[in-house]
Amino acid sequence: MRTSIRLTIQAAVAVLSLHPGVQAAHSHDFNVYATSVAQAPNGGLWIQVNDTVNGGRTVATGGAPMYENVNAPGTIVGVPGKNGYWVISKYGDIYARGEAPALCEGHLSKCSGFPVTPDNKQYVTHAAATPDGRGFWALGRSGQVWTAGTAAFHGDMYDEKYVATAIAASPSGNGYYILKTDGGLHVRGDAVFFGSTGGHFTRDYTGLVLSRTAGGTVNGYWMLEEDGGVHAYGDAVFLGSSGGKTPRATSMFPVDGGVRYGWVTYDGKIELSTSYRRGPVSTSDYDLSPVWTLQGDVDKPGAELHAFTLGSGPVDSWIFWPVKWLGAPVYQLRHERNGLCVEASGARLVQAVCHANFHDSVAQAFLLYAGAGENMYLAPAERGHYSIAKMPGRSRLEISITDATVWRTLNTTTVTAEATGAQWQTGGAAGNLTTLGAPGLQAPPRKWVVATTAPVPDSTVRFVSMETGHCAEFKWNTTTYYLYQSLCQPAVQPQTFRLGPDGVNTYRINVAFVDNFGAAPASNGGVMFTVASKRWILELTKLP
């Protein structure tokens, strides 16, 4: 089934300009090739920018580690779970960076049938890594597929009429998907077909991202047109596009493990879609409200779900993963950190290994009934007249036929200094300074819950560390006010702040009860408060 939507979602799209002088080019012309993107394990991005006919350059952004530049036109491929990537030039040269293994003695011709000196019909246009991270498939302009490392050949789609622009691996590595400019989607090996344009198109197709269930089964895909239009097939959920207003989008890439997607244009701009609903799950109360919290061995199946006050400990977060059951939309609720799913077990809720599908059990399928604003009710799919509830006087969540709790998800975000890229760091004991720094190579960015204190526009907010559960609080220290980590307490004014929008996704973080007195990077590596406040980058979507 095909869902074709061409809408502009203004709040959905984040734009990053990389290079104002990149030359206009289709992803498949014979000179300048597609700028391409891969995501690093810590959430940053690597971009291979092709800004000259026979050259290129590698850009790292968002905390992704930077390695030796590759001055070649080619496609960048991240190694799953590793801080590293390959850049495969259109001529078949292989550049391994970071933790990427060296393959084929540096050229595709040494390990496959790729020619030593390719002509323009054989140029590499895209590539995809194997799931084990020890090989890749390289896609040729005419639909040829070449293999490196552990990648196995499952067939190609040779046809000189339309250009092959994208390849994506099946989860098993025993198949792949090939996209051509006419919107034809061709499956090989165990890849599953969910539809395509059937050759009926008005704009070239240049990008492909697979949609999956929380258990990892492919249930559809998104296809990108060169004008930024995105089309969803199968059970893939449309998450936004540029509405056909992008000049020559050249490739598409998954973001945050597939909860959203992005695309990059010929002139070096990255745009990101909206995300699946995600975040800590709270009651409809505000400020320090009860939130879903795992109890027991929290990273193993069997841990129970309870509700404890925000700020009483580390904060759990869930992704509402959209799937289908009997043709109806339902959700799997997957924990963001440990990757396990919520499962109904009698009247209790526990976490378990995520199901790949619902053939044998629907204990992980939940219905979402939308309420006012961000509010919602949740029910097990098989028992739609029951509800997930926090019962009076008990912390453990229960599946109840008599009680129903109104739930909502809270904002989470990194807090990044616009001028330096340094982020608020968390950890250690209450009373410590909140420091600034870049996330480590393997460490994800440190996130904070931004909790509004009242359901009104321009409400004050709290910043609660997801890692420790401590609240950000400004305190006097000898010469000025600094940001500390403190035990969260209700009605403590120094723990509340007012956000002043000042640009796209940028804010001034001001003291709640003093106008124009806000946060700025301090020379001691901390965060200070001053009348000369600075702008901070926050990714917020649900403030009143």
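So, how was this worked out
- Residues numbered from 1 in each chain as written.
- Predicted model: local features only at pLDDT ≥ 70, side-chain atom pairs only at ≥ 80, totals over all residues.
- Heavy atoms only, no water.
- Helix = DSSP H or I, 4+ residues; strand = E, 2+ residues; numbered from the N terminus.
- Rg over C-alpha atoms; globule rule 2.2 N^0.38 Å.
- Buried < 20%, exposed > 50% of the residue type's maximum accessible area, 1.4 Å probe, protein only.
- Contact = heavy atoms within 4.5 Å.
- Areas by Shrake-Rupley, 256 points an atom, 1.4 Å probe, with all protein chains shown as cover.
- Lys, Arg positive; Asp, Glu negative; His and termini not counted.
- Charge placed at Lys NZ, Arg CZ, Asp CG, Glu CD.
- pLDDT = per-residue confidence, 0-100.
- Core = buried A, V, L, I, M, F, W, Y, C linked by side-chain atoms within 4.5 Å.
- Pairing = 2+ DSSP bridges.
- Axes fitted to C-alpha atoms, helices over the stretch in contact; angles between N-to-C directions.
- Disulfide = S-S within 2.5 Å.
- Phe/Tyr/Trp six-rings, centres within 6.5 Å; stacked < 30°, edge-to-face > 60°.
- Salt bridge = Lys/Arg side-chain N within 4 Å of Asp/Glu carboxyl O.

Novice: Can you walk me through the overall build of the protein in this structure?
Specialist: The number of helices and strands found in the protein is zero helices and 46 strands. The C-alpha atoms of the protein give a radius of gyration of 24 Å, which matches the 24 Å a tight globule of 544 residues would have. Principal-axis analysis of the C-alpha atoms places the extent of the protein at approximately 70 × 60 × 40 Å. Looking at the protein as a whole, 56% of its 544 residues qualify as buried. By sequence separation, contacts in the protein at least 24 residues apart represent 47% of the contacts at least 6 residues apart. Accessible surface, the protein: about 21,100 Å² in total, of which carbon and sulfur atoms supply 51%. The averaged location of the 41 negative side-chain charges in the protein is 2 Å from the averaged location of its 40 positive side-chain charges.

Novice: Explain the confidence of the model for the protein to me, please; I cannot follow it from the model alone.
Specialist: Predicted coordinates in areas of low pLDDT are best not read in detail. Summing up the model confidence of the protein, the mean pLDDT is 89 and the portion of residues at 70 or higher is 92%. Scored below 50 in pLDDT, residues 1–32 makes 102 contacts in the model with residues more than four places away or belonging to other chains.

Novice: What exactly am I supposed to notice about the nonpolar core here?
Specialist: Grouped together as the largest cluster of nonpolar side chains are 26 residues, with contacts concentrated most on Trp 222, Val 230, Met 252, Tyr 261, Tyr 276, Trp 321 and Val 330. Among the elements of the structure, strand E16 (218–225), strand E17 (230–234), strand E18 (249–255), strand E19 (260–265) and strand E25 (318–325) are those that each provide at least two residues to this core. Considering every element that reaches this core, the biggest residue donor is E25, with three residues. Val 450, Ala 472, Tyr 507 and Val 511 belong to the second-largest nonpolar core, a separate cluster that totals 24 residues.

Novice: How should the sheet that holds strand E4 (residues 45–49) be read in this particular structure?
Specialist: Remark on secondary structure: sheet strands pair via backbone hydrogen bonds, oriented parallel or antiparallel. The antiparallel open sheet is built from three strands, whose spatial order is E3-E4-E5. Taken across any chain shown, the strands that pair with only one partner, and hence form the sheet edges, are strand E3 (36–39) and strand E5 (57–61). The mean angle between the axes of side-by-side strands here comes to 20°, regardless of whether they run parallel or antiparallel. Bridge analysis of E4 against E5 gives five bridges, and the strand direction is antiparallel. In the sheet register, Gln 48 faces E5, and the bridge partner there is Thr 58.

Novice: Looking at this structure, I do not really get the state of the cysteines. What am I missing?
Specialist: The term disulfide refers to a covalent linkage connecting the sulfur atoms of a pair of cysteines. One pass over the structure, following the stated rule, counts three disulfides. Here Cys 104 pairs with Cys 111 through a disulfide, and the sulfurs are 1.9 Å apart. Looking down the S-S bond of the Cys 104 and Cys 111 bridge, the torsion is 70°, so its handedness is right-handed. Disulfide pairing is shown between Cys 471 and Cys 488; the S-S distance is 2.0 Å.

Novice: What is the right way to read the environment of Gly 302 from this model?
Specialist: By the secondary structure assignment, Gly 302 is in the loop between strand E23 (290–295) and strand E24 (304–309). Beyond its immediate sequence surroundings of up to four residues, Gly 302 is in contact with Val 350 and Gln 351.

Novice: What am I meant to see in the packing of aromatic side chains here?
Specialist: For any pair of aromatic rings, the description consists of the separation of the ring centres together with the inter-plane angle of the planes. According to the stated counting rule, one finds 25 aromatic pairs in the structure shown. Their ring planes at 65° and their centres at 5.9 Å tell us that Tyr 177 and Tyr 221 sit as a pair that is edge-to-face. Of this pair, Tyr 177 sits in strand E13 (residues 175–180) while Tyr 221 sits in strand E16; the two residues are 44 residues apart in sequence, bridging distant segments of the chain. Both rings, one in Phe 474 and one in Phe 513, keep their centres 5.9 Å apart while their planes meet at 40°; by these two values the pair is tilted. Remark: Phe 513 occurs in the loop between strand E43 (506–511) and strand E44 (518–521) and Phe 474 occurs in strand E40 (residues 471–477); sequence separation between them is 39 residues. Connected via pairs of aromatic rings, a cluster forms that spans Trp 424, Trp 448, Phe 463, Phe 474, Trp 476, Tyr 481, Phe 497, Phe 513, Phe 517, Phe 529 and Trp 536.

Novice: Would you explain the environment of Val 450 in this entry?
Specialist: The topology assignment puts Val 450 in strand E38 (residues 448–452). Using a relative accessible area of 2% as the deciding quantity, one classes Val 450 as buried. Sequence separation of Val 450 and Phe 238 is 212 residues, and the distance between their C-alpha atoms is 26 Å.

Novice: Could you clarify how one ought to interpret the sheet that holds strand E8 (residues 94–98) in this entry?
Specialist: Here three strands make up an open sheet; going across it, the order is E6-E7-E8 and the pairing antiparallel. Every other strand in the sheet has two partners, leaving strand E6 (74–78) and E8 as the edge strands with one partner each. Adjacent strand axes in the sheet meet at a mean angle of 20°, parallel and antiparallel pairs treated alike. As paired strands, strand E7 (residues 84–89) and E8 are joined by five bridges and run antiparallel to one another. Note that in E8 the partner of Val 87 across the bridge is Tyr 95.

Novice: Where do I start with the pairing of strand E12 (residues 164–169) in this structure?
Specialist: If a strand is regular, its side chains alternate between the two faces of the sheet. Burial runs high along E12: six of the six residues are buried. In this structure, the hairpin formed by E12 and E13 is closed by a connection of five residues, where Gly 173 is found at a positive phi of approximately 80°.

Novice: Just to check I follow, could you spell out the pairing of E44 for this structure?
Specialist: Where E44 meets strand E45 (residues 527–530), four bridges bridge the pair, whose relative direction is antiparallel. When the bridges of E45 are listed, Pro 521 appears paired with Val 527. In this structure, the hairpin formed by E44 and E45 is closed by a connection of five residues, where Gly 525 is found at a positive phi of approximately 85°.

Novice: What is the right way to look at the pattern of salt bridges in this model?
Specialist: Where charged atoms of side chains with opposite charge meet at close range, the side chains can pair. Under the criterion given, the structure shown has 22 salt bridges. Across the pair Arg 203 and Glu 225 runs a salt bridge, and its minimum N-O distance is 3.4 Å. Of this pair, Arg 203 sits in the loop between strand E14 (185–189) and strand E15 (205–212) while Glu 225 sits in strand E16, and the two are 22 residues apart along the sequence. The network of salt bridges with shared partners includes Asp 256, Arg 260, Arg 278, Glu 336 and Glu 539.

Novice: How should unusual backbone geometry be read in this particular structure?
Specialist: For residues that are not glycine, phi is negative in most cases, and the peptide bond is trans in most cases. Backbone geometry places Glu 105, a non-glycine residue, at a positive phi of 55°. Relative to the elements of secondary structure, Glu 105 occurs in the loop between E8 and strand E9 (124–129). Within the chain, Ala 491 stands out as a residue other than glycine whose phi angle is a positive 60°. Along the chain, Ala 491 turns up in the loop between strand E41 (480–486) and strand E42 (497–501). On the basis of relative accessible area, Ala 491 is assigned to the exposed category, the value being 80%.

Novice: Honestly, the environment of Ile 47 in this entry has me stumped. Any pointers?
Specialist: Mapped onto the fold, Ile 47 is located in strand E4. Look at Ile 47 and you get buried, because its relative accessible area is 0%.

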